[in-house]
Amino acid sequence: MLAVSACLAFGVSAAPASNQADVSGQPWMNASLSPDRRADLVIKQMTLDEKIQLVHGTGWGVLTPGSPIPERSNFGAGYVPGIERLGIPDINLADSAVGVRMAAYQSRYATLLPSTLGAASSWDPEAAFLYGSVIGRELRAQGFNMSIGGGVDLMREPRNGRNFEYAGEDPLLAGTMTGYLIKGVQSQHVMGDIKHYAFNDQETGRMVYSAEIDKRAARESDLLAFQIGIDIGHPAGVMCAYNRVNGVYSCENPWLLTDVLKDDFGFKGWVLSDWSGTHSTVEAALAGLDMEMPGDDGYFGKALKQAVLDGKVPESRLDDMVHRILRSMFAVGVIDHPVMPRRVVNPFRGRRDARRIAEKSIVLLKNEKQLLPLDASSIQSIALIGSHADVGVLSGGGSAQVDAPGGNAADPHAGGAGWGETVYFPSSPLRSIRKHAPEATVTFDAGTDIAAAVASAKKAQVAIVFVNQPMYESKDRSTLSLPGKQNALVSAVAKANPHTLVVLETGGPVTMPWANRVEGIIEAWYPGIGGAQALANLLFGKVNFSAKLPATFPRDESQLPHPQVTGIDLPMVEGKDGSKMRPPFEVDYNKAGARVGYKWFESKGLEPLFPFGFGLSYTSYAYSDLSVDADGGSATLTVKNTGQRAGTEIAEVYAVLPKASGEDYKRLVGFQRVTLDPGQSKTVTIALNKLCLSIYDAKKDAMVHIPGIYTVYAGPSSAKTPLKATFAIKP
Ligand code: BGC
């Protein structure tokens, strides 16, 4: 057993010992055979004990101080020892939702990317692929061969502490972005994962609540996001969630794991439990769980072996678990291209990629009286206020936390970030803005004393207030308000300076009682290590804004299906292990059903603060000439840049299904980024997603196209769809 040691910052840690035997002559090393065939050839050689060894990890390791760390573990969130004599490598898993986690403890460097919710605002599969490639590249360099990121739980609850590591409220957008992210990870021969399957849409009571939802609503919302993500990304793993779904734990839910995921989606990889999310041996194994993580809590080790010997779990089911693991290792290439640790992450390449993604992710929500872009040649004074904008940008916490190079920029201390700590990364907006406007006086005020902030705002031509909403795993916020006195700060500054711009660094939507009193609003999310440079490039017009919201921003909580986070007020009780937890409760997802986000708002006739799909730029666009294929396979439309600057517009296509669907809202069915010079027009054909035009037919237990008239809309946001066309499906 090894102890975690801290070496030099940015240095190279000791490589874990290799367990590769020379198996080059073995039949399963023939790369021309299919991954399934190769897996079968290995399984034929395996003993029962070896099979059992592969279906559970070795424990909490580095995640829990004092836990043993196996010698060959690479200090990640999980470790599954391989089978040395057969040349099957260890699986070293690392949390890596927005960059590789826990790098500091091993003296490694990792790139913090913008939050995945931010990246989803790009509506750009290429950006998502790049995102995943950065993660895959850095995991490989650090000796990991599996990423556990790929969060795609839909934003049913905008106060969810983990929204920043998911991809918004729409199944098509979230599924597409997550699918391409996984593709990017796996392009580096690192196995990808999609999580948390399913309906882990809030953190409050995640270990105990049951998400109550009928099958149709489930298949047309969160499960559809998983389906699309899996179709595109073919992840090696699906991580089942902590919570129950319709009363049954996700990790032993046969409907979720076998009927839907494996039989209907055709998922070929393996299901791994969330960390200590396994609750049984026989039930879980028969329901479709393939691996207990992070270790054998008494279910998939000795107990599973005994269950197989007793015939309670057929050996063929154990073989299926092992087959799924091995075939994924062959398919992604972790056996043919084993990781070669001891390589160093290139931080400059990482930062450049992170900046490029951030430039496509930061959303311009309001820009009155041409406040932006700032003119570097004429502006004389800018007052920056709040959120440590002198030193850094905010990141999200929990298992998605990446360690800041050099430590927390706002609160330097040795080692990695603590759980729930508010961590700023060293990407200084003050420095980047000064670089763009070297002649201007650019000041910074911490924003902690409102009178001092007002005084500094009064002295400047433009005041930029940075506001923040730190979010982290295991905790939801009880409100959508900005924490602390930030609303009062913005209101006071706006009163003192008519040219006030607010930059939001939030995990998800927030309310903005001051929205009418400021000239500009930017949603920067958690923008990553290149965040300040990206923001400055956008503020000064070096880069045009193109991002659009991946989630609705409500006016207030009363507009939500659940005005209060369900269960948040339940008193804590003592759990089995003595820890305090909420008693089991139900979250009623049938209330909104498949009407998540903008669909809920439309069906209830509610007007949000900012709608899904909304975002401004420094130019303007006009839409015309929508037509749709006879079978609804694609839509063709023309977008024109009617302004003075080049830009990229995201064209959005929605559909209202035939009356027989019973639906009273639009669904996003296609989208595309279109880059245009001033005055230029482009006619684009956008593929419409078949699944998004389908409903779940319970009798047929399948997604089907129903006959009738489909009305297709297109435009710049969910709330503005000037073009309309129809197509019909005959009975
Ligand atoms: C989280 C997972 C994470 C795992 C390992 C769990 O608590 O829900 O998302 O991958 O821990 O850190």
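The model shown is predicted, which means the values in this text are computed figures rather than measured ones.

Calculation criteria
In every chain, residue numbers begin from 1 and rise along the written sequence. Local features in a predicted model are, by the rule used here, given only for residues with pLDDT of at least 70; side-chain atom pairs are given and counted only at 80 or more, and totals for whole chains, interfaces and linings are based on all residues. Side-chain metrics rest on all non-hydrogen atoms present in the structure, leaving aside hydrogens and water. Here a strand is any run of E in DSSP of at least two residues, a helix any run of H or I of at least four, and the numbering for each starts at the N terminus. This radius of gyration counts C-alpha atoms alone. The globule rule is 2.2 Å times how many residues there are, raised to the power 0.38. When a residue's accessible area, from a 1.4 Å probe over protein chains only, is under 20% of the maximum for its type it is buried; when over 50% it is exposed; and in between it is partly exposed. Only heavy atoms matter for contacts: two residues are in contact if any of them lie within 4.5 Å across the pair. Accessible surface is estimated by sampling points in the Shrake-Rupley manner with a 1.4 Å probe; for residues, cover comes only from the protein chains shown. Lys and Arg are tallied as positive, Asp and Glu as negative. Neither His nor the chain termini are counted. Charge coordinates come from a single atom per side chain, which is NZ of Lys, CZ of Arg, CG of Asp or CD of Glu. Pairing of aromatic rings covers Phe, Tyr and Trp, the last through its six-membered ring, and needs centres within 6.5 Å; plane angles under 30 degrees mean stacked, over 60 mean edge-to-face, and all others mean tilted. Charge over a ring is defined by NZ of Lys or CZ of Arg lying within 6 Å of the ring centre and within 35 degrees of the ring normal. A pair of sulfur atoms, both from cysteines and within 2.5 Å, is called a disulfide here. Between N-to-C directions, angles span 0 to 180 degrees; the directions come from axes that are lines fitted to C-alpha atoms, helices contributing only their stretch in contact. In this scheme, roughly parallel covers angles under 35 degrees and roughly antiparallel covers those over 145, while 65 to 115 is roughly perpendicular and the rest are oblique. What makes a crossing left-handed is the near helix being turned counterclockwise from the far one by less than a right angle; a clockwise turn instead makes it right-handed. Gly is put with the polar residues, along with every residue not named as nonpolar or charged; the nonpolar set is Ala, Val, Leu, Ile, Met, Phe, Trp, Tyr, Cys and Pro, and the charged set is Asp, Glu, Lys and Arg. Should DSSP find at least two bridges between two strands, the strands are taken to pair. Note on terminology: a nonpolar core comprises buried Ala, Val, Leu, Ile, Met, Phe, Trp, Tyr and Cys residues joined through side-chain atoms within 4.5 Å. Scored from 0 to 100, pLDDT reflects the predictor's confidence in each residue. When we say a residue is near a molecule or strand, we mean one of its heavy atoms is within 4 Å of it. Two N or O atoms form a polar contact when they lie within 3.5 Å of each other; inside protein one atom must be a possible hydrogen donor and the other a possible acceptor, and for residues adjacent in sequence the pair counts only when both atoms belong to side chains.

Colleague: Residue-level account of the overall build of the protein chain, with values.
Modeller: Looking only at helices and strands, one finds 17 helices and 29 strands in the protein chain. Against the 2.2 N^0.38 benchmark of 27 Å for 731 residues, the protein chain shows a C-alpha radius of gyration of 25 Å, consistent with a compact globule. Along the first, second and third principal axes, the C-alpha set of the protein chain runs to 75 × 70 × 55 Å. Classification of the 731 residues of the protein chain by burial places 64% in the buried group. Taking all contacts inside the protein chain whose residues are at least 6 apart in sequence as the whole, residues at least 24 apart take part in 75%. Only carbon and sulfur atoms are counted for the fraction: they give 52% of the accessible area of the protein chain, which is about 26,000 Å². When the 71 positive and 75 negative side-chain charges of the protein chain are each reduced to one mean point, those points stand 5 Å apart.

Colleague: Give me the lowdown on the packing of aromatic side chains, citing residues and values where you can.
Modeller: If you walk through the whole model with that rule in mind, you get 12 aromatic pairs. Seen from their ring centres, Y598 and F612 are 4.4 Å apart, and the 15° between their planes marks the pair as stacked. With Y598 in helix α17 (residues 598-603) and F612 in the loop between α17 and β21 (621-628), this pair connects stretches of sequence that are 14 residues apart. Considered together, Y598 and F612 belong to a single accessibility category, that of buried residues. When the centroid spacing of 4.8 Å and the interplanar angle of 15° are considered together, the rings of Y710 and F727 count as stacked. Linking Y710 in strand β28 (residues 708-715) with F727 in strand β29 (residues 723-729), this pair joins segments that are 17 residues apart in sequence. As far as burial versus exposure is concerned, Y710 and F727 are alike and both buried. Through successive ring pairs, a cluster of aromatic residues spans W123, Y598, F612, Y654 and F671. Geometry around Y589 places R156 over its ring, the cationic atom sitting 4.9 Å from the centre. For the cation-ring pair, R244 lies above Y249, with the distance from its terminal atom to the ring centre recorded as 5.9 Å.

Colleague: Residue-level account of the state of the cysteines, with values.
Modeller: With the rule as written, the count across this model stands at one disulfide. Across the disulfide from C240 sits C251; the S-S distance is 2.1 Å. Given an S-S torsion of about 110°, the disulfide between C240 and C251 has right-handed geometry. Taken as a pair, C240 in strand β6 (residues 237-240) and C251 in the loop between β8 (248-249) and α8 (254-264) lie far apart in primary sequence, 11 residues in all. Judged by its relative accessible area of 0%, C240 is buried.

Colleague: With reference to specific residues and values, describe helix α1 (residues 35-45).
Modeller: Buried within α1 we find R38, A39, L41, V42 and I43. In this structure, the buried side of α1 is in contact with α2 (48-54) and α11 (315-332).

Colleague: If you had to explain the packing of helix α13 (residues 429-436) against helix α16 (residues 531-539) to someone new, which residues and values would you point to?
Modeller: Here α13 crosses α16 at 40°, and the two axes come no closer than 8 Å. As summarised for this structure, α13 and α16 are arranged oblique, according to the angle between their axes. As α13 runs across α16, the sense of the crossing is right-handed. Note on element contacts: α16 touches α13 through A532, Q533, A536, N537 and L539, opposite P429, S432, I433 and H436. Class assignment of the residues belonging to the contact of α13 with α16 gives a composition of five nonpolar, four polar and no charged.

Colleague: Kindly report on the sheet that holds strand β16 (residues 500-506), identifying the contributing residues and their values.
Modeller: Ordered by their spatial adjacency, six strands build an open sheet running β10-β17-β16-β15-β11-β14, and the pairing between neighbours is mixed. With partners counted over all chains shown, the strands left at the sheet margins are β10 (363-367) and β14 (441-445), one partner each. Averaged over all pairs of adjacent strands, the angle between strand axes in this sheet comes to 15°, irrespective of strand direction. With respect to the sheet, helix α15 (residues 486-496) is in contact with β11 (381-385), β15 (462-469) and β16, its orientation differing from that of β15 by roughly 170°.

Colleague: An account of the nonpolar core is requested, with residue identities and associated values reported.
Modeller: Ranked by internal contacts, the top residues of the largest apolar core, which has 133 residues, are I91, Y197, L223, L272, L304, L326 and L637. Top contributing element to this core by residue count: α11, with eight residues. Core analysis: the second largest hydrophobic core is formed by 36 residues, V98, A103, V393 and M471 among them.

Colleague: Describe in detail the sheet that holds strand β2 (residues 91-95), supporting the description with residues and values.
Modeller: Taken in spatial order, the three strands make up an open sheet running β1-β2-β3, and their pairing is mixed. Where the open sheet ends on each side, the last strands, each with one partner, are β1 (78-80) and β3 (146-148). The average undirected angle you get between the axes of adjacent strands in this sheet is 20°. Inspection of the sheet shows β2 paired to β3 by three bridges, in the parallel sense.

Colleague: For unusual backbone geometry, give the residues involved together with the corresponding values.
Modeller: For the bond running from M293 to P294, omega is 0°, close enough to zero to count as cis. Inspection of the secondary structure assignment puts P294 in the loop between α9 (282-287) and α10 (302-309). Here L372 and P373 are connected by a cis peptide whose omega angle stands at -5°. As for its position among the elements, P373 is in the loop between β10 and β11.

Colleague: So what's going on with the pairing of strand β23 (residues 647-656)? Residues and values would help.
Modeller: Counting buried residues along β23, 10 of its 10 residues qualify, which places the element largely inside the surrounding structure. Burial along β23 is two-sided: G647, E649, A651, V653 and A655 and T648, I650, E652, Y654 and V656, pointing in opposite directions, are all buried. Inspection of the sheet shows β23 paired to strand β24 (residues 667-676) by nine bridges, in the antiparallel sense. Bridge pairing links G647 to L676 in β24. Summarising the sheet, β23 and β28 pair through five bridges and their orientation is antiparallel. Counted as the bridge partner of E652 is G715 from β28.

Colleague: An account of the confidence of the model for the protein chain is needed here, citing residue identities and associated values.
Modeller: Here the protein chain averages 95 in pLDDT, and 97% of its residues register 70 or above. Ignoring residues within four places in sequence, the model shows residues 1-17, a span with pLDDT below 50, making 35 contacts including any to other chains.

Colleague: Requested: an account of the site of the ligand, with residues and values cited.
Modeller: Near the ligand lie 15 residues; those nearest to it are D95, R162, H196, Y242 and D274. One of the side-chain N or O atoms of R101 is found 3.2 Å from an oxygen atom in the ligand. One nitrogen or oxygen atom from the side chain of K195 is found 2.9 Å from an oxygen atom belonging to the ligand. Surface burial for the ligand is 96%, taken as the share of its 310 Å² of free accessible area covered by protein chains. Of the residues in the shell around the ligand, the class split is six nonpolar, two polar and seven charged.

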